[in-house]
Amino acid sequence: MTATIIDGKAFAATLREQVAAHVARLKADHGITPGLAVVLVGEDPASQVYVRNKGRQTLEAGMQSFEHKLPAETSEADLLALVERLNADPAVHGILVQLPLPDHMNADAVINAISPEKDVDGFHISNVGLLGTGQKSMVPCTPLGCLMMLRDQLGSLSGLDAVVIGRSNIVGKPMAQLLLGESCTVTIAHSRTKNLAEVVRRADIVVAAVGRPQMVPGDWIKPGATVIDVGINRIDAPEKGEGKTRLVGDCDYDSCAEVAGAITPVPGGVGPMTIACLLANTVTACCRANGLAEPEGLTA
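Residues numbered from 1 in each chain as written. Predicted model: local features only at pLDDT ≥ 70, side-chain atom pairs only at ≥ 80, totals over all residues. Heavy atoms only, no water.

1. With respect to the sheet that holds strand β11 (residues 262–263)
Here is step 1: The strand order across the open sheet built from six strands is β1-β11-β8-β7-β5-β6, with neighbouring strands paired in parallel fashion. Edge strands, defined here as strands with exactly one partner in the open sheet, are β1 (4–5) and β6 (185–189).
Here is step 2: When β1 meets β11, the two strands line up parallel, connected through two bridges. Along β11, the bridge assignment pairs Thr4 with Ala262.
Here is step 3: Helix α6 (residues 141–154) contacts β1, β7 (205–208), β8 (226–229) and β11 of the sheet and is inclined by roughly 160 degrees relative to β8.
Here is step 4: Strands β5 (161–165), β6 and β7 of the sheet are contacted by helix α7 (residues 172–181), whose axis makes an angle of about 170 degrees with β5. (Pairing = 2+ DSSP bridges. Helix = DSSP H or I, 4+ residues; strand = E, 2+ residues; numbered from the N terminus. Contact = heavy atoms within 4.5 Å. Axes fitted to C-alpha atoms, helices over the stretch in contact; angles between N-to-C directions.)

Right under this line is the structure:
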């Protein structure tokens, strides 16, 4: 068996087109332009690239982009004051504070200062609770992207056995909640799970989000299972030359692809969906803020 490759890059491009169409309708029918504010503290190189890509894609979708770049020595009080101003700004429908923050800041305090209605990352404790109890919430972007690809690949997920490897607040836990919402039977596995290979081997759906390169081999995968690899790990690639590296997922792609029914590659799988879902969440937040019907297909 050779797995179907789930092309996250193409899926994300289609989702961004849908977002842009919704934005155009909001402008034409209601005179409203969704706005996303991104706050970056410090000069972490990876964060800078990510924020730049977010800003570019926000503008390409026809939305307003508000970027706030603060020096690393900014006080937590000043950052919280900025968040409060953005909470009160009617032109801003989504707020994202780029993580990680400098060590002198309490990330939880900053995240929970964001208005839950504008928390397009879905990390606010209120949104976590709403998602966990099956109520309307802002859904974290990466798990939302995974769910969209699973629905597209499998149709109904009802009754399927799903294993999520990883228990992070950003991916593992919300992913499990979303799969429960689809009526899957869900197991959250992690580094201390006994007989992990056997646990994974029974799953119709495997979501690997543990942050360990190529941890999941093909002989852990049930034949025909759908594998969503959230991991993005950089490893040495001596075959490319001295000092060169390459990106790999949490699954050993080659061996898993021989067994799985469908699989996401790394790169080009889950990664592109995260920013696309951030844009989708911003449109959803804008519609909710203005009492408008939510566009179909942009959230869970």
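Still more ground to cover, so stick around.
2. Describing unusual backbone geometry
Here is step 1: Of the consecutive residues Leu99 and Pro100, the connecting peptide bond is found in the cis state with omega at 5 degrees.
Here is step 2: Topologically, Pro100 is positioned in the loop between β4 (94–97) and α4 (107–111).
Here is step 3: Cis rather than trans, the peptide bond between Val266 and Pro267 has omega equal to 0 degrees.
Here is step 4: Relative to the helices and strands, Pro267 is located in the loop between β11 and α10 (271–289).
Here is step 5: For Gln214, which is not glycine, the phi torsion reads 55 degrees and is therefore positive.
Here is step 6: Along the chain, the position of Gln214 falls in the loop between β7 and β8.

3. A look at the packing of α6 against α10
Here is step 1: Closest axis-to-axis distance for the α6/α10 pair is 8 Å, and the angle between their directions is 100 degrees. Considered as vectors, α6 and α10 are oriented roughly perpendicular to each other. Taken together, the residues of α10 that come into contact with α6 (itself represented by Cys141, Thr142, Leu144, Gly145, Met148 and Met149) are Met273, Thr274, Cys277, Leu278 and Asn281.
Here is step 2: In the contact of α6 with α10, the residues fall into seven nonpolar, four polar and no charged. (Parallel < 35°, antiparallel > 145°, perpendicular 65-115°, else oblique. Nonpolar A, V, L, I, M, F, W, Y, C, P; charged D, E, K, R; others polar.)

4. Description of the pairing of strand β2 (residues 35–41)
Here is step 1: Among the seven residues of β2, seven are classified as buried, and the element is accordingly described as predominantly covered.
Here is step 2: The alternating pattern of β2 places Gly35, Ala37, Val39 and Val41 and Leu36, Val38 and Leu40 on opposite faces, both of which are buried.
Here is step 3: Alignment of β2 against strand β3 (residues 64–70), held across seven bridges, turns out to be parallel. Paired with Val41 across the two strands is Leu70, which belongs to β3. (Buried < 20%, exposed > 50% of the residue type's maximum accessible area, 1.4 Å probe, protein only.)

5. Looking at the sheet that holds β2
Here is step 1: Taken in spatial order, the three strands line up as β3-β2-β4 in an open sheet, and their pairing is parallel. With one partner strand each, in any of the chains shown, β3 and β4 form the two edges of the open sheet. Ignoring which end each strand starts from, the neighbouring axes of this sheet average 15 degrees apart.
Here is step 2: Against the sheet, helix α2 (residues 45–60) engages β2, β3 and β4, with an angle of about 160 degrees to β3.

6. With respect to the nonpolar core
A general tendency of soluble globular proteins is for nonpolar side chains to be buried together.
Here is step 1: Within the largest apolar cluster, 51 residues are counted, with the highest numbers of intra-cluster contacts made by Val19, Met175, Leu179, Ile228, Val230 and Val283.
Here is step 2: For this core, the secondary structure elements donating two or more residues are α1 (8–30), β2, α6, β5, α7, β7 and α10.
Here is step 3: Among the elements that make up this core, the one with the highest residue count is α10 (10 residues).
Here is step 4: Not counting residues up to four positions away in its chain, the partners in contact with Val283 are Val19, His22, Val23, Leu26, Pro34, Met63, Pro295 and Leu298.
Here is step 5: Val206, Val216, Trp220 and Ile221 belong to the second largest nonpolar core, which has 21 residues in total. (Core = buried A, V, L, I, M, F, W, Y, C linked by side-chain atoms within 4.5 Å.)

7. So, the side chain of Asp121
Here is step 1: Checked against the element boundaries, Asp121 lands in the loop between α4 and α5 (125–132).
Here is step 2: Lys54 provides the closest opposite charge to the buried, unpaired Asp121, separated from it by 5.7 Å.
Here is step 3: Setting aside chain neighbours within four positions, we find Asp121 in contact with Leu96, Val97, Val139, Pro140 and Cys141. (Lys, Arg positive; Asp, Glu negative; His and termini not counted. Salt bridge = Lys/Arg side-chain N within 4 Å of Asp/Glu carboxyl O.)

8. Comments concerning α6
Here is step 1: An ideal rise of 1.5 Å per residue puts 20 Å on 14 residues; α6 measures up with 20 Å between its terminal C-alpha atoms.
Here is step 2: Counted residue by residue, α6 has 10 buried out of 14 residues, so it is predominantly covered.
Here is step 3: For α6, every residue scored as buried is listed here: Cys141, Thr142, Pro143, Leu144, Gly145, Cys146, Leu147, Met148, Met149 and Leu150.
Here is step 4: Its buried side turned inward, α6 meets α1, α7, β7, β8 and α10.
Here is step 5: Phi for Gly155, located one or two positions after α6, is positive at around 75 degrees. (Expected span 1.5 Å × (residues − 1).)

9. Looking at the pattern of salt bridges
Side chains that carry opposite charge are capable of pairing whenever their charged atoms lie near each other.
Here is step 1: For the structure on display, the rule yields nine salt bridges.
Here is step 2: Arg202 serves as the salt-bridge partner of Asp161, at 3.7 Å between the closest nitrogen and oxygen. You can see Asp161 sitting in strand β5 and its partner Arg202 sitting in the loop between α8 (196–201) and β7, a full 41 residues away along the chain.
Here is step 3: On the basis of relative accessibility, which here comes to 18%, the residue Asp161 falls in the buried class.
Here is step 4: By relative accessible area, Arg202 is classed as partly exposed at 40%.
Here is step 5: Note that Glu198 and Arg201 form a salt bridge whose closest N and O atoms lie 2.4 Å from each other. In this pair, Glu198 and Arg201 are both assigned in helix α8, three residues apart and thus about one turn of the helix distant.

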